[in-house]
Amino acid sequence: MSSREQHFLKINLVVLLLILALIAGVDRAELPSSLLFYPPATPPTPIAGLLTHSFQLLCCLPPIVCLFSYALLSRKASFNNSRHFFLVSGIITGLFAINEIFRIHIILLYFNIPKFLTISVYALAILIYGLAFWRRIIQTYYQILIIALALLTLAIAIDFLQINNQGFASLSEGIPKLLSAVNLASYFWDVSFQEISAQIKSK
């Protein structure tokens, strides 16, 4: 068995062990383990949740692009100045994607952890990220990142307003949130593309 085959085998074994650990934890809580593979709700119409799912898919793009760029370029000596930027960017955007897909801020409500506290922790993490990498960020088209964060802030603010008109509330929150994901994905795609292109040209 080659080293690459062993590597893929190890990945599968780790994932399998995690699945078994989750099943054991659920069984210990005296809940049916089938809940772990509970299917998503069947939409009442084919277009139901279309833009919500598009938003979630877009949220997955930045961490994938950043972590792939980090893995691809981390061995290059000239890449050392940016490696931490891509790694931390991948982690931060990955946590955001996990939150939006698994609805962590909603699940935490079951444990009496208010949504405002969860969002404040995320906001603090973004602030620390910005302060740590502002020199690297200003070398990029950071205006796109600012637009993305501004749109996300607007969407969160609208959510906290708890508008009674459900249709209007959904659109007024959903549209800036989706545009935020578009801009965030575009920003990190551009940053990664520019970094990889620069490394290729330097050869």
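This is a predicted model, so every value here is computed, not measured.

Considering helix H1 (residues 3-28)
Its 26 residues give H1 an end-to-end C-alpha distance of 37 Å, which sits within 8% of 38 Å, the value for a rise of 1.5 Å per residue. Trailing H1 by a residue or two, Glu 30 shows a phi angle of about 60°, which is positive.

Notes on the environment of Asp 190
Take Asp 190: it is sitting in helix H7 (residues 166-201). Exposure remark for Asp 190: the relative accessible area of 22% places this residue in the partly exposed category. Residues Asp 190 and Arg 103, 87 residues apart in the sequence, show an inter-C-alpha distance of 28 Å.

Brief notes about the packing of aromatic side chains
Scanning all chains against the criterion turns up seven aromatic pairs. Judged by centre distance (5.8 Å) and plane angle (65°), the ring pair of Phe 85 and Phe 133 falls under edge-to-face. Remark: Phe 133 occurs in helix H5 (residues 115-137) and Phe 85 occurs in helix H3 (residues 80-102); sequence separation between them is 48 residues. The residues Phe 85 and Phe 133 share a single accessibility class, namely buried. Residues Tyr 187 and Phe 188 carry aromatic rings whose centres are separated by 4.9 Å and whose planes lie at 80° to one another, so their mutual orientation is edge-to-face. Judged by its relative accessible area of 1%, Tyr 187 falls in the buried class. Overall, Phe 188 belongs to the buried group, its relative accessible area being 2%. By the ring-pair criterion, three or more aromatic residues cluster together here, those being Phe 85, Phe 86, Tyr 129 and Phe 133.

Cut-offs used in this document
Residues numbered from 1 in each chain as written. Predicted model: local features only at pLDDT ≥ 70, side-chain atom pairs only at ≥ 80, totals over all residues. Heavy atoms only, no water. Helix = DSSP H or I, 4+ residues; strand = E, 2+ residues; numbered from the N terminus. Expected span 1.5 Å × (residues − 1). Buried < 20%, exposed > 50% of the residue type's maximum accessible area, 1.4 Å probe, protein only. Phe/Tyr/Trp six-rings, centres within 6.5 Å; stacked < 30°, edge-to-face > 60°.

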